[in-house]
Amino acid sequence: MKKTSSVVDLLLLLLAINVLATPAFSDLVLSKVERRIDVTSQIARVTKTLKVVNSGSESVSEFTLTFPKFLGNNLAYLTVSHSEGKGKAKRSLANLSVKEAHPKGTPDSISFYSVSLPKPLSKGDTLTLEVVAAFTNVLQPFPEKITQRDIHLVMLQESAQYLSPYVVESQSLSIKLPNARIESYTKLENTKVQGSEIKYGPYKNLAQYSYAPIVVHFESKAAFAVAEKLVREIEVSHWGNVQVTEHYNLVHRGAQLKGEFSRLEYQDRPNPQGVSAFRHLLARLPPRAHSIYYRDDIGNISTSQMQSDSKKTELLIEPRFPLFGGWKTFFTIGYGLPLGDFLFASEGKRFLDISFGSPMIDLVTEKLIVQVVLPEGSKDISVTTPFDVKQSHEIKYSHLDIAGRPVVVLEKNNVVPDHNQNIQVYYKFSNINLLSEPLMLITGFFVLFITCIIYTRADFSISKSSAAYLAKLQWDEVLATLQEVQNIIQKCVAAHDKLEASLRDLSRTGDIQTCKAARKSTDSFLKDLSKELRPLLASLQSFPSASQISPKVEELVAKEKELQEKLMAKHTTVVEGYEKKSSGRDIENRIASQQQKIMALRQEVDDLLEFIDEI
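Owing to the predicted nature of the structure, the values given are computational and were not obtained by experimental measurement.

At the junction of Phe142 and Pro143, the peptide bond is cis and its omega measures out at 10° in the coordinates. With respect to the helices and strands, the residue Pro143 is situated in the loop between β9 (140-141) and β10 (145-146). Residues Gly201 and Pro202 are joined by a peptide bond in cis, for which omega reads 10°. We note that Ser291 has phi near 50°; this positive angle belongs to a residue other than glycine.

Scanning the model with the defined rule gives 26 salt bridges in all. For Glu183, the salt bridge goes to Arg181, with nearest N and O atoms at 3.8 Å. Note on Arg181: relative accessible area 42%, which makes it partly exposed. Among the ionic pairs, Glu235 bridges to Lys396, the shortest N-O distance being 3.9 Å. Separated by 161 residues along the polypeptide, Glu235 in strand β17 (residues 225-237) and Lys396 in strand β29 (residues 390-396) bring together distant segments of the chain. Each member of the salt-bridge network shares a partner with another, and the members are Glu228, Arg253, Lys328 and Glu366.

Taken as a whole, the largest pocket spans an internal volume of roughly 720 Å³. Together, 23 residues line the largest pocket, and Leu78, Val98, Phe387, Asp388 and Lys412 are the ones closest to its centre. Where the lining of the largest pocket is concerned, the elements lending two or more residues are β4 (75-84), β6 (98-101) and β30 (405-415). It is β4 that provides the largest number of residues to the lining of the largest pocket, a total of six residues. Of the residues in the lining of the largest pocket, the class split is 11 nonpolar, eight polar and four charged. When residues of the lining of the largest pocket are sorted by domain, at least three fall in each of domain 1 (25-84 + 91-217) and domain 2 (223-261 + 273-432).

Turning next to the UniProt feature "transmembrane region" (unreviewed entry) in the protein. With numbering aligned to this structure, UniProt lists the feature "transmembrane region" (unreviewed entry) at residues 438-456. The span residues 438-456 is 100% helical and 0% strand by assignment, and the distance between its end C-alpha atoms comes to 27 Å.

What follows covers the nonpolar core. The biggest cluster of nonpolar side chains holds 48 residues, and the ones touching the most others in it are Val39, Leu50, Phe63, Leu65, Phe135 and Ile175. Per-element accounting of this core gives the leading share, five residues, to strand β8 (residues 126-135). Excluding its chain neighbours within four sequence positions, the residues that come into contact with Leu50 are Lys32, Val33, Phe63, Leu65, Leu127, Thr128, Leu129, Val131 and Tyr162. Core analysis: the next-biggest nonpolar cluster, separate from the first, contains 45 residues, Leu285, Phe356, Val370 and Ile423 among them.

The grouping of Leu400, Ile402, Met440, Leu441, Phe445, Leu448 and Phe449 at the surface amounts to a nonpolar patch, some 670 Å² of accessible area in total. Within the element layout of this structure, Ile402 appears in the loop between β29 and β30. A residue is classified by how much of its surface remains accessible, and Ile402, at 64% relative accessible area, is exposed.

The next point concerns the side chain of Ser174. Looking at the secondary structure, you find Ser174 in strand β12 (residues 167-176). What makes Ser174 buried here is its relative accessible area of 13%. Not counting residues within four places of it along the chain, the set of residues in contact with Ser174 comprises Arg35, Arg36, Ile37, Glu197, Ile198 and Lys199.

Applying the stated rule across the entire model yields two cavities of 30 Å³ or more. Here the largest cavity is characterised by a volume of approximately 90 Å³. What lines the largest cavity is a set of 13 residues, and nearest its centre among them are Arg35, Lys48, Pro68, Glu158 and Tyr162. Every element with two or more residues in the lining of the largest cavity is listed here: β2 (44-54), β3 (60-68) and β11 (153-159).

About the cut-offs
- Sequence positions are assigned chain by chain, starting from 1 and proceeding in written order.
- In keeping with the model being predicted, local features are shown solely for residues with a pLDDT of at least 70 and side-chain atom pairs are shown and tallied solely at 80 or more, while totals for entire chains, interfaces and linings include all residues.
- Working from all heavy atoms in the structure, the side-chain values ignore hydrogens and water.
- Secondary structure is summarised from DSSP: a helix means a run of H or I of at least four residues, a strand means a run of E of at least two, and numbering begins at the N terminus for each.
- Criterion for a salt bridge: a side-chain nitrogen of Lys or Arg within 4 Å of a carboxyl oxygen of Asp or Glu.
- Note on classification: 1.4 Å probe, protein chains only; a residue is buried when its accessible area is under 20% of the maximum for its type, exposed when over 50%, partly exposed between these limits.
- Here a cavity denotes grid points, spaced 1 Å and computed from the protein atoms alone, that fit a 1.4 Å probe unable to get out, and a pocket denotes an open set having protein on both sides within 12 Å along at least 5 of 7 lines; residues with an atom within 4 Å of a point are the lining.
- Grid points are joined across faces, edges and corners, and a volume is the space filled by probe spheres set on the points.
- Only Asp, Glu, Lys and Arg are considered charged, only Ala, Val, Leu, Ile, Met, Phe, Trp, Tyr, Cys and Pro nonpolar, and every remaining residue, Gly among them, polar.
- What marks off one domain from the next here is an automatic or database domain assignment.
- UniProt positions are given in the numbering used here, feature names are shortened, and annotations may be inferred rather than shown by experiment.
- Put simply, buried Ala, Val, Leu, Ile, Met, Phe, Trp, Tyr and Cys residues joined by side-chain atoms within 4.5 Å make one nonpolar core.
- Should any heavy atoms of two residues lie within 4.5 Å, those residues are considered in contact.
- Only residues above 30% relative accessible area that lack a salt bridge enter a patch, with like-charged residues linked at up to 9 Å and the nonpolar side chains Val, Leu, Ile, Met, Phe, Trp and Tyr linked at up to 5 Å.
- Note on areas: these come from Shrake-Rupley sampling with a 1.4 Å probe, and a residue is covered only by the protein chains present in the view.

Here you go:
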């Protein structure tokens, strides 16, 4: 606790120095102050009942609220209302206007807020104010890193005495904790512990800016779930549905996990580990929500449960893995709502009345973006919110849109469940615009059917007497002739291979007569093929459309003829060598030049065949 003591001492010193120079605001006196701090969740909710008395001679129309700067910097929600009656008859009236103030000559270590009273408070008059404030990031994990087996401890810093620019006659404070497990707390006069509640006071006759720092160190099993960014898209369809889609970037802001995660220890039921992690989130949706889904980048997550009745719909969400401190997850939930429950008409306009914040229980949102997508053709758009938000406008294009759908974008930082209040989006919309998309579909299908009818009934064939048709017939004949030439040349190439094979057999068996017979058979076959080529070449030359192709074909035939001659010459040389009983090396030397020429001719024949094949 050395770190805690030093922080408190420094804070006390700064306040003591600054308070000495702080001026008085008015002659108001707080005759009774009751403060209640609820830290059962990650959000510190402070409720104050202030009984204000004007002890001066002049009327007062403003009241000043103060918070220590470290609390003011984390203030997420603040409302002030005045109440009447006592006990069960006590009732709160309308909320009062609250604005942040910067009085001259005040210290930087204190945050000031000015409250406009419902009417000037005259001399001797009394007014009771109800203050509700919600703070985020004030429950600090201590220690900041824990193992999977450790319990989750947090630390709260506050003041046992109410920090106020007014004299306080009587003040008391109660702090409600999640459970009775308290590691330590600051003990002052009139301090007592009752179960999970710590009470300080009452303290009498406190001077202006009285401050008695306290620190409470306790166990918290609450889910410190923080949405770093939440985008809520609310799409309005006048065909009877409001579609809500919410994209969450979630992080656990509790004490970070130290060491490795063990799934076995975590699932050990008799001695459960990982109590600092949370595995469930609860979302309270409107009662008639339907078509609910829960998914992430991988796909649908089937570990959610839903319960619904006439008053609410509860969705219990379980992430794919338990979230420890510092761990993050990303997911999307979506659901549909009946249009009649949220869209109303007033003074010639329609208005959408829907909640602003996330439906997640006790979720803190660092940045919330609400996108309200209105139907195409909406105009004169205005927004009413119960608190300040940043507004902008965009255009979104969807199916069958022409001008696009207007989008109202609302942004707010540091959002807590207290902000989950209804907002109203007003706009004008003509029912005639509802017919635009059906008419577009009808027109589109009509054009499609008419096109099909015209296509099936009209004759798009080419006349047999036209030049184009005759040219096509001639080209088909050219292609057929080329195919026949190609087949004959390929047969010639196959005969060449057969002749080469006879020479290989000769070198293996030495049978000269068989080799000569193979040559005679091949020679006769090639002559027959040559006869078949002549009419084809003549036919090809007669076609005007083949004027650029026929030279290549003639070149192919000539190269093939030359290849035949070289092969026959090689064959003769080899056979003569064997008849004269020459050595193998001598035969190879005699046919070496012929072999090089044969290989070159084969390559040229293959290239010309490939050219014709591409045609």
